[in-house]
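# Coordinate analysis (summary)
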Amino acid sequence: MNSDGVNGGGTSRERVLGRVRRALADVPRDERPEDHPVTRDYLRVHGERTPAESLDLLAENLADYRAHVHRVDAPGLPALLARLLAERGARRVVVPAGLPRAWLQDAPVDMLSDTPALTPSELDRVDSVVTGCALAIAETGTLVLDAGPGQGRRALTLVPDHHLCVVRAADQVVDSVPQALERLAPAAARPLTWVSGPSATSDIELDRVEGVHGPRTLEVILVTGDPRSG
Amino acid sequence: MSRDGARAPRGGAGFPQGGATYLGMPAFPQAADAATRDGRLRANLRHATHTIRAKRARAVAELDDWARLREAGAAIKDRTLRHLDHHLVRLEEAVTRAGGTVHWAADAAEANRIVTDLVRATGEHEVVKVKSMATQEIGLNEALAEAGIRAYETDLAELIVQLGDDLPSHILVPAIHRNRGEIRDIFRDRMASWGRPAPEGLTDRPAELAEAARQHLREKFLRAKVGVSGANFMVAETGTLVVVESEGNGRMCLTLPETLISVVGIEKTVPTWRDLEVFLQLLPRSSTAERMNPYTSMWTGTADGDGPRVFHLVLLDNGRTDTLADEVGRQALRCIRCSACLNVCPVYERAGGHAYGSPYPGPIGAILTPQLRGLSSPLEESLPYASSLCGACFEVCPVAIDIPEVLVHLRERVAEGGEVTVRGTRTVIRPAKGHATERAAMRAARWAFDHPGALRRGQRILARTRRLQPRRLPGPGRAWTDTRELPAVPAESFRDWWARTRGGTA
């Protein structure tokens with residue numbers, strides 16, 4: 001299980017666990033971990049909202065963190081994606097497996113499918129990446145990617161400088177962090193990336209600068225209707 | 001390094017390369033004395049702490065249930081600590097099941113040896129690092145350098161610190177003591193010897209400086225084979241590790257290399273997945289005053305075709321179990337490293353982070369460092385006194401650590417001695433040297449309060465001779481006035497004033 005050497009009459013594992021147990025001499029011997037309950041009287045959601053209000057809040061909070069937010073109905077998605085890519089002059093666009101190809105049918109770009117052969121250096125030469133997401137959290141303005149279909153591996157949404165993320169308004173928006181974690185529990189074994197606005201730093205005299213190492217431009221498209229049937 | 005404290009611990013001079021070696025730093029009063037005379041440092045700090053403080057208050061006010069979240073956060077951490085052995089074993093099982101390898105390190109030397117051996121086994125001579133306080137605490141960069149391995153810090157502030165041959169001075173913004181002009185100079189003078197040079201004609205605009213860092217580091221990210229990280233949380237139930245960050249350098253280090261080595265203090269464990277719902281609300285608002293930090297990464301062992309193929313988790317003790325053994329002091333292990341306590345602390349604001357002599361500055365450092373390292377030198381002995389006990393740190397702490405309570409508890413240990421645990425062994429320490437005066441003064445005060453007549457006479461003599469009194473005390477009292485001005489004695493004692501104005505009998 002571990003490669004650590006034997007040291008002073010036991011492995012380091014035994015030594016550390018032994019120290020922990022001795023340190024806890026004041027804890028009653030018959031107390032079990034679950035005997036110490038945690039009162040969870042905090043709120044599951046902050047405020048009551050209709051789905052439309054949740055979507056508005058999501059858009060507002062995303063924009064507050066300098067993401068560019070667009071709204072469109074499902075039939076209008078390909079045209080919007082084509083326009084947004086054209087505005088950036090994007091020629092090479094990478095897409096993860098499971099992303100509906102119809103989304104990019106109007107965009108005159110080289111579409112690169114993600115394959116393991118696409119190294120970080122090659123991703124560095126890609127103009128944009130288009131993905132879906134697992135869900136979005138309205139109260140915090142957060143997108144969550146769980147490596148599911150249409151989201152790809154983590155490097156895909158990290159190395160290119162421009163990330164376009166499509167959120168289905170109908171079934172992918174939750175209000176709060178507790179709701180998000182509950183929905184993500186089954187996916188906990190998969191790598192998760194939570195994104196709240198583009199890469200940013202405040203390390204120089206606390207001046208916020210967007211874009212250090214991750215994508216410097218984050219565009220979020222909130223789609224009403226079901227874009228998968230489009 | 002000298003202990004005289006005459007040189008403020010900044011500006012680079014005198015620090016070892018990439019220096020995280022804080023040992024041998026002057027005790028807090030001497031370091032703070034130098035720092036408080038540095039006008040620019042004080043101005044930088046004041047601006048920074050007041051800005052974050054105000055933003056944080058607004059972010060926290062958005063949540064009606066903040067007090068309840070805070071209670072839950074404290075309760076989850078306490079619950080975990082009471083059965084830490086159980087949770088660590090569960091964590092180990094879950095990480096191993098997910099394809100990771102778990103190592104245990106009793107102290108810094110062992111952790112450094114494990115990491116060095118793991119990097120050597122890959123055949124690589126450089127690693128990229130996401131900001132990690134645990135690896136600063138153990139001096140990993142220096143240990144790797146001795147083994148011929150270069151560690152590149154990739155957080156912008158950590159890069160500034162590393163290139164400037166400097167030490168971090170704040171938990172969240174480690175280069176808070178540097179202004180934009182200094183940063184420009186550091187980049188211009190030093191980047192070339194670490195990799196891609198700074199662009200020609202680099203100005204001090206923050207956006208331009210950030211761009212220079214992006215270019216400089218991207219070439220390192222793209223070729224890196226080994227990444228080193230810490231973690232903000234480890235979930236025992238699932239084996240998931242969590243890193244919160246803003247710049248994306250964390251994501252780079254966590255996902256692009258083939259091998260990932262995470263060095264994490266054992267106190268970062270939380271029992272269940274659901275517990276994250278509390279901490280992911282408490283941490284961002286307390287630290288960067290945001291609803292959520294730009295990036296949160298969660299990974300569980302290794303994943304096919306996504307991210308590192310090899311994952312090692314090094315569980316670090318290094319004084320944490322000694323801290324756990326102290327029933328009053330163990331609450332320091334609840335700390336989630338948000339830095340809210342630094343930004344409200346009047347002592348930190350004036351003294352700066354370097355004066356605390358460890359990667360953990362401010363009020364939390366004043367209780368964490370002496371516990372992790374033991375009361376082993378004048379620096380650690382001085383830290384429990386680096387506070388006015390105003391209580392602001394306790395009020396903002398998102399996991400309700402009663403820092404003043406622990407400070408007073410540790411002061412008693414320093415002045416009176418008593419039982420502590422050092423490297424897992426119960427031992428009795430003697431009162432610290434230099435506190436004899438303090439004990440004598442307390443005895444004298446007790447006597448004076450027991451003899452009110454003598455106290456009154458003494459006060460009158462003091463008041464009448466006030467023009468003759470020096471600003472510095474002679475004899476054993478000099479230690480006190482070395483770093484403080486002696487306060488002026490009022491012309492009239494409170495008791496005399498009361499007797500005169502209220503007409504009572506004094």
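Just so it is clear, the model here is predicted, and its values are computed rather than measured. (Residues numbered from 1 in each chain as written. Chains lettered and ligands numbered in written order. Predicted model: local features only at pLDDT ≥ 70, side-chain atom pairs only at ≥ 80, totals over all residues. Heavy atoms only, no water.)

### Focus: the overall build of chain A
Using the following cut-off: Numbered from the N terminus, helices here are DSSP runs of H or I no shorter than four residues, and strands are runs of E no shorter than two. Radius of gyration here is computed from C-alpha atoms only, and the compact-globule reference equals 2.2 Å multiplied by the residue count raised to the power 0.38. The contact definition used throughout considers only heavy atoms, calling two residues in contact when any of these lie within 4.5 Å. Each accessible area is a Shrake-Rupley result for a 1.4 Å probe, and residues are judged covered by the shown protein chains and nothing else. The sign given to each residue is positive for Lys and Arg and negative for Asp and Glu; His and the chain ends receive no count. Think of each charge as sitting on NZ of Lys, CZ of Arg, CG of Asp or CD of Glu.
Per the secondary structure count, chain A includes five helices and 12 strands. In summary, chain A has a C-alpha radius of gyration of 22 Å against a globular reference of 17 Å for 230 residues, an excess of more than 25%. Taken along the three principal axes of its C-alpha coordinates, chain A extends 70 × 45 × 45 Å. Taking contacts inside chain A between residues at least 6 apart in sequence as the whole, the part at least 24 apart equals 72%. By element, 49% of the accessible surface of chain A is carried by carbon and sulfur atoms, the whole surface being about 9600 Å². In chain A, which carries 26 positive and 33 negative side-chain charges, the distance between the mean positions of the two groups comes to 7 Å.

### Here's the deal with the overall build of chain B
Heads up, the rule is: Buried means the residue's accessible area, taken with a 1.4 Å probe over protein chains only, is under 20% of the maximum for its type, while exposed means over 50%, and partly exposed covers the values in between.
Looking only at helices and strands, chain B features 23 helices and 12 strands. Taking 2.2 N^0.38 as the reference for a compact globule, 506 residues should give roughly 23 Å; the C-alpha atoms of chain B span a radius of gyration of 25 Å, in line with that estimate. Once the C-alpha set of chain B is aligned to its principal axes, its extents read approximately 85 × 55 × 45 Å. Looking at chain B as a whole, 60% of its 506 residues are labelled buried. Taking the contacts inside chain B whose residues are at least 6 apart along the sequence as the reference set, 72% of them involve residues at least 24 apart. Of the accessible surface of chain B, which amounts to about 19400 Å², a share of 52% is contributed by carbon and sulfur atoms.

### Examining the sheet that holds strand S6 (residues 142-145) of chain A
How we decide: Here a strand pair is declared whenever DSSP counts at least two bridges between the two strands. Lines are fitted to the C-alpha atoms to define the axes, a helix being fitted only along its stretch in contact, and any angle between axes, read from their N-to-C directions, falls within 0 to 180 degrees.
What the eight strands build is an open sheet, ordered S8(A)-S5(A)-S6(A)-S9(A)-S9(B)-S6(B)-S5(B)-S8(B); its pairing is mixed. A strand with exactly one partner marks an edge of an open sheet, and here the two such strands are strand S8 (173-174) of chain A together with strand S8 (269-270) of chain B. The pairing of S6 of chain A with strand S9 (residues 192-195) of chain A spans three bridges and is classified as antiparallel. Along S9 of chain A, the bridge assignment pairs Leu145 of chain A with Thr193 of chain A. Seen against the sheet, helix H12 (residues 276-287) of chain B touches S9 of chain A together with strand S5 (233-235), strand S6 (240-245), S8 and strand S9 (295-300) of chain B and runs at an angle of roughly 170° to S5 of chain B.

### Topic: unusual backbone geometry
All names here are of chain B. For Ser339, which is not a glycine, the phi torsion comes out positive at approximately 80°. Within the fold, Ser339 resides in the loop between helix H13 (320-324) and helix H14 (340-344). With a relative accessible area of 2%, Ser339 lands in the buried category. Even without a glycine there, the phi angle at Ala400 is positive, about 55°. Topologically, Ala400 is positioned in the loop between helix H18 (392-396) and helix H19 (403-416). In this structure Ala400 comes out as buried when scored by relative accessible area, which is 12%.

### Overview of the nonpolar core
Formally: Buried Ala, Val, Leu, Ile, Met, Phe, Trp, Tyr and Cys residues form a nonpolar core when they are joined through side-chain atoms within 4.5 Å.
Core analysis: the largest hydrophobic core is formed by 80 residues, its most contacted members being Trp194 of chain A together with Phe28, Trp273, Leu276, Leu280, Ile364 and Ile367 of chain B. The biggest single contributor to this core is H12 of chain B, with six residues. Among all residues touching Leu276 of chain B, those that are not within four sequence positions of it are Leu181 of chain A together with Phe233, Val235, Val242, Val270 and Met298 of chain B. Within the second largest apolar cluster, 40 residues are counted, among which are Leu118 of chain A together with Ile186, Leu222 and Ala224 of chain B.

### Some points on H19 of chain B
Residue and element names in this part refer to chain B. Let me state the cut-off plainly: Multiply 1.5 Å by the residue count of a helix minus one, and that product is the helix's expected span.
An ideal rise of 1.5 Å per residue puts 20 Å on 14 residues; H19 measures up with 20 Å between its terminal C-alpha atoms. Counting buried positions along H19 yields 10 of 14 residues, so the element is predominantly enclosed. Among all positions in H19, only Ile403, Pro404, Val406, Leu407, His409, Leu410, Arg411, Arg413, Val414 and Ala415 are buried. The positive-phi residue at the C-terminal boundary of H19 is Gly417, with phi of around 75°.

### What about the interface of chain A and chain B?
Spelled out, the test is: Two parts lose some accessible area (1.4 Å probe) when they are put together, and adding that loss for both gives the buried area. Throughout this description, the term salt bridge denotes a Lys or Arg side-chain nitrogen within 4 Å of a carboxyl oxygen of Asp or Glu.
Counting residues at the interface gives 82 residues for chain A, matched by 99 residues for chain B. Taking both sides of the interface into account, the surface hidden between chain A and chain B amounts to around 7900 Å²; carbon and sulfur atoms contribute 56%. Where chain A touches chain B, the interface holds 15 salt bridges. Note that Arg154 of chain A and Asp306 of chain B form a salt bridge whose closest N and O atoms lie 3.1 Å from each other.

### Examining the pairing of S6 of chain B
All names here are of chain B. A large share of S6 lies buried, amounting to six of its six residues. Going residue by residue along S6, you find Thr240, Val242 and Val244 tucked away on one face and Leu241, Val243 and Glu245 tucked away on the opposite face as well. Here three bridges tie S5 to S6, and the two strands are oriented antiparallel to one another. Bridging across to S6, Phe233 finds its partner in Val242. Hairpin connection from S5 to S6: four residues lie between these consecutive antiparallel strands, with Gly239 at a positive phi of about 80°. Two elements, S6 and S9, share six bridges in a ladder whose sense is antiparallel. Paired with Glu245 across the strands is Tyr295, a residue of S9.

### Remarks on the sheet that holds strand S7 (residues 259-265) of chain B
Residues and elements named next belong to chain B. Strands sit in the order S1-S10-S7-S4-S2-S3 across an open sheet of six strands; the sheet is parallel. Edge positions in the sheet fall to strand S1 (101-105) and strand S3 (150-153), since each of these pairs with one other strand and no more. If you compare each strand with its neighbour and ignore which way they point, the axes differ by 25° on average. One ladder, built from four bridges, connects strand S2 (residues 126-129) with S3; its direction is parallel. Bridge assignment links Val127 to a residue of S3, and that residue is Ala151.

### Observations concerning the pattern of salt bridges
Evaluated as defined, the whole model comprises 52 salt bridges over all chains. Ionic contacts of the salt-bridge type, sharing partners, join the residues Asp64 of chain A together with Glu62, Arg285 and Arg291 of chain B into one network.

### Points about the side chain of His216 of chain B
With respect to the helices and strands, the residue His216 of chain B is situated in helix H10 (residues 206-223). For His216 of chain B, the contacting residues outside a window of four places in its chain are Leu159, Met191, Trp194, Gly195 and Arg196 of chain B.

### What to know about the side chain of Arg154 of chain A
Cut-off, in case you're wondering: Pairs of N or O atoms are called polar contacts if they sit within 3.5 Å, as long as, within protein, a hydrogen donor faces a hydrogen acceptor (for residues adjacent in sequence, only side-chain-to-side-chain pairs).
Along the chain, the position of Arg154 of chain A falls in the loop between S6 and strand S7 (162-168). Within the structure, the side chain of Arg154 of chain A is placed 3.1 Å from the side chain of Asp306 of chain B, a separation counted as a polar contact. Not counting residues up to four positions away in its chain, the partners in contact with Arg154 of chain A are Pro191 and Thr193 of chain A together with Arg251, Thr255, Trp299, Asp306, Gly307 and Pro308 of chain B.

### Focus: the UniProt feature "domain: LUD" (unreviewed entry) in chain B
To keep things clear, this is the line we draw: UniProt positions are given in the numbering used here, feature names are shortened, and annotations may be inferred rather than shown by experiment.
The UniProt record marks residues 90-303 of chain B with the feature "domain: LUD" (unreviewed entry), using the residue numbering of this structure. The distance separating the terminal C-alpha atoms of residues 90-303 of chain B is 20 Å; by composition the span is 43% helix and 19% strand.

### Quick word on the environment of Pro359 of chain B
With respect to the helices and strands, Pro359 of chain B occurs in the loop between helix H15 (346-351) and helix H16 (362-373). For the pair Pro359 of chain B and Ser169 of chain B, spaced 190 residues apart in the sequence, the C-alpha separation amounts to 7.3 Å.

### Observations concerning the confidence of the model for chain B
Residue and element names in this part refer to chain B. Applied cut-off: Per residue, pLDDT measures the predictor's confidence, with a range of 0 to 100.
When pLDDT is averaged across chain B, the result is 90; 94% of the residues are at 70 or more. In this model, residues 1-21 is a region of pLDDT below 50 whose contacts with residues beyond four sequence positions or in other chains number 53 contacts. Predicted complex metrics record ipTM = 0.95 and pTM = 0.90.

### Here we look at helix H4 (residues 84-97) of chain B
Turn by turn, an α-helix covers 3.6 residues, leaving residues three or four places apart pointing in a common direction. Residue and element names in this part refer to chain B. Look at H4: 20 Å from first C-alpha to last across 14 residues, which is about the 20 Å you get at 1.5 Å a residue. All of the buried residues along H4 are Leu84, Asp85, His87, Leu88, Leu91, Glu92, Ala94 and Val95. The positive-phi residue at the C-terminal boundary of H4 is Gly99, with phi of around 100°.

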